[in-house]
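Observations on the three-dimensional arrangement
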Number of protein chains: 2
Amino acid sequence: MTELLQKNIADHVVLSTTETEEFCNLFEQRFIKKKSFLLREGEVCKFEGFVVKGLFRVYHIDKNGFEQILYFAIENWWITDIDSFTTETPSQLYIEALEDSEVLLISKKDKEFAYSNLPRIEKLFRVMTQKTHVALQRRMIDNLSKTAELRYIEFSEKYPQLFQRLSNIQIAAYLGITNVFLSNIRKKIASKK
Amino acid sequence: MTELLQKNIADHVVLSTTETEEFCNLFEQRFIKKKSFLLREGEVCKFEGFVVKGLFRVYHIDKNGFEQILYFAIENWWITDIDSFTTETPSQLYIEALEDSEVLLISKKDKEFAYSNLPRIEKLFRVMTQKTHVALQRRMIDNLSKTAELRYIEFSEKYPQLFQRLSNIQIAAYLGITNVFLSNIRKKIASKK
DNA sequence: GAATTTTATTAAACTAGTTTAATGTATTGA
DNA sequence: TCAATACATTAAACTAGTTTAATAAAATTC
């Protein structure tokens, strides 16, 4: 049940078999149906999750009702609202399954337990947070410096697997443009070939 | 010399006096003149820094020669290229002093030493990275959902101290707009009052 | 399998932000 | 202290991206 999680951990830090097992035992398996929510705005995020199967989107709805997608998570990715989870304040985000999905969840209490009793777990999450942060910095620069057309092309090349599972509406919300404009971009690209 | 650093650490984690001292002793004091660089594109970032005095900007130059500012750092803020520092690969960023500045630097080797010998330092950097990441997530959402005018106003309200030390060119590069357009925004705001 | 909802496309008018270039004013530096 | 450089503003033509609305196709649901 936790094979994929174990492999994911091993990609970040070196843990003994016992440590890995003890940590993985803290997770609870959950099945989430397409269009169901793991988290809604206003709720405190009480978990950190690892996607075993399926696809999620983490997004915000602004005061004009537009959705901005912070990130997607497919198999082998982690999901949480790190802000709400760490500060125990109401979330401003939604986490929604875009496909029938399976996740492994760890509670705040069990994660604290791990931090105290399994010292290398602290390193695991430091390293993971660093990597996520680096990725977001790159995306920030891209959003500041590149046109939507280029961002679309690069997104399709960087995450081909994810790309073909997403509707254009979702991709547009991630790129920060309207789906109408994305349609224009797609037409333009198609006509070039 | 390290009073401000000690206070900053205490704001994030609980350390004993000895731990704090031992950690702070790993830092080296450096004075950086205005317009000098702590890091340039292509160099490997060999330090993590804490600003005691002055002002820095961390930015990227895209292939059209435009600068995107990732963040500013004044007194009591940390600076590094976390990507280059952790992976030991050439940086894509510049770190430049915008005022005569004083920083405390810790080398990669000494930071690794601290991680191994002062276990709570691992927590310190996990917590700090999390906070930085949350701030960047918020900025990402703002950039996707808000107009430049609103971002400008909110920036001035959120960081008034920093704001008045920056030229409009720097602010525009941070907001992701041209300084010409920023000038229009300023005119529009002024006429409203 | 018919009805409903969601998705993608197109068009046309619009707006936020860019580009280039000129001008005046502050700052900086030798 | 004077020349050079950096900064802020304005104008005008332009372009990237939005808005609204209509239509067709695809997917979902009962």
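So, here's what we can say about the structure.

Cut-off values and rules
Residues numbered from 1 in each chain as written. Chains lettered and ligands numbered in written order. Predicted model: local features only at pLDDT ≥ 70, side-chain atom pairs only at ≥ 80, totals over all residues. Heavy atoms only, no water. Pairing = 2+ DSSP bridges. Helix = DSSP H or I, 4+ residues; strand = E, 2+ residues; numbered from the N terminus. Axes fitted to C-alpha atoms, helices over the stretch in contact; angles between N-to-C directions. Contact = heavy atoms within 4.5 Å. Buried area = accessible area lost by both parts, 1.4 Å probe. Salt bridge = Lys/Arg side-chain N within 4 Å of Asp/Glu carboxyl O. Polar contact = N/O pair within 3.5 Å; in protein donor to acceptor, adjacent residues only side chain to side chain. Buried < 20%, exposed > 50% of the residue type's maximum accessible area, 1.4 Å probe, protein only. Parallel < 35°, antiparallel > 145°, perpendicular 65-115°, else oblique. Left-handed = near helix turned anticlockwise from the far one by under 90°. Least-squares fit on C-alpha atoms with pLDDT ≥ 70 in both. Core = buried A, V, L, I, M, F, W, Y, C linked by side-chain atoms within 4.5 Å.

**Re the sheet that holds strand β2 (residues 37-39) of chain B**
Residues and elements named next belong to chain B. Across the sheet, 4 strands lie side by side as β2-β7-β4-β5; this open sheet has antiparallel pairing. Strands at the two margins of the open sheet, each flanked by one partner only, are β2 and β5 (67-74). With strand direction ignored, the average angle separating the axes of adjacent strands in the sheet is 25°. Relative to strand β7 (residues 93-97), β2 runs antiparallel, the two being bridged by 2 bridges. Across the sheet, residue Phe37 finds its bridge partner in β7, namely Glu96.

**Considering the interface of chain A and chain B**
Between chain A and chain B, the residue contacts involve 34 residues of the former and 34 residues of the latter. At the boundary of chain A with chain B, total buried surface from both sides reaches about 3300 Å², with 67% on carbon and sulfur atoms. Here chain A and chain B share 6 salt bridges between them. Among the ionic pairs, Lys123 of chain A bridges to Glu122 of chain B, the shortest N-O distance being 3.6 Å. Viewed at the interface, chain B and chain A are joined by 7 residue pairs in polar contact (both at pLDDT 80 or more). Counting only elements with at least two residues in the side of chain A that touches chain B, the list comes to β5 (67-74), α3 (82-87) and α5 (119-145) of chain A. At 18 residues, α5 of chain A tops the list of elements feeding residues into the side of chain A that touches chain B.

**Some remarks on the pattern of salt bridges**
Residue and element names in this part refer to chain A. Scanning the model with the defined rule gives 23 salt bridges over all chains in all. Close ionic contact of Arg57 with Glu67 constitutes a salt bridge, the shortest N to O distance being 2.7 Å. Placement of the pair is Arg57 in strand β4 (residues 55-61) and Glu67 in strand β5, with a sequence separation of 10 residues. Here Glu99 ties to Arg165 by a salt bridge, and the two come within 2.8 Å at their closest N and O atoms. Taken as a pair, Glu99 in the loop between β7 (94-97) and β8 (101-107) and Arg165 in the loop between α7 (160-163) and α8 (168-175) lie far apart in primary sequence, 66 residues in all. Shared partners join several salt bridges into a network, and the residues in it are Arg57, Glu67 and Glu96.

**Overview of the pairing of strand β3 (residues 47-53) of chain B**
Residues and elements named next belong to chain B. The buried fraction of β3 is high, at 6 of 7 residues. Direction of pairing for β3 relative to strand β8 (residues 101-107): antiparallel, over a ladder of 6 bridges. Each bridged residue has a counterpart across the sheet, and for Glu48 the counterpart in β8 is Ile106. As judged from the 2 bridges shared by β3 and strand β6 (residues 78-79), these two strands associate in the antiparallel manner. Its bridge partner lying in β6, Phe50 is registered against Trp78.

**Some thoughts on the packing of helix α6 (residues 148-158) of chain B against helix α8 (residues 168-175) of chain B**
All names here are of chain B. Interhelical geometry of α6 versus α8 gives an angle of 120° and a closest axis separation of 10 Å. It follows that α6 is oblique to α8 by the angle criterion. In terms of crossing hand, the pair formed by α6 and α8 is right-handed. For the pair α6 and α8, the contacting residues are Ala148, Arg151, Tyr152 and Phe155 in the first and Ile171, Tyr174 and Leu175 in the second.

**Here's the deal with the relation of the copies chain A and chain B**
Structural alignment of chain A on chain B gives an RMSD of 0.0 Å, achieved by rotating through 180° and translating 0.0 Å along the axis. Each copy turns onto its partner about a two-fold axis. Taking the C-alpha atom as reference, chain A places Arg126 of chain A closest to the rotation axis, 2.2 Å from it.

**Remarks on the environment of Asp81 of chain B**
Residues and elements named next belong to chain B. Tracing the chain through its elements places Asp81 in the loop between β6 and α3 (82-87). The exposure class assigned to Asp81 is buried, which follows from its relative accessible area of 4%. Separated by 11 residues in the primary sequence, Asp81 and Gln92 place their C-alpha atoms 8.6 Å from one another. The contacts of Asp81, once residues within four sequence positions are left out, are Leu39, Cys45, Ser91, Gln92, Leu93 and Ile95. Among the polar contacts made by the side chain of Asp81, one reaches the side chain of Ser91 at a distance of 2.7 Å.

**Points about the nonpolar core**
Phe56 and Ile79 of chain A together with Leu38, Phe56 and Ile79 of chain B are the most contacted members of the largest nonpolar core, which has 44 residues in total. Apart from residues lying up to four places away in sequence, Leu38 of chain B is in contact with Arg30, Ile32, Phe47, Phe56, Ile79, Ile95, Val103 and Leu105 of chain B. Counting residues in each nonpolar core, the second largest holds 22 residues, with Phe72, Tyr152, Phe163 and Leu175 of chain B among its members.

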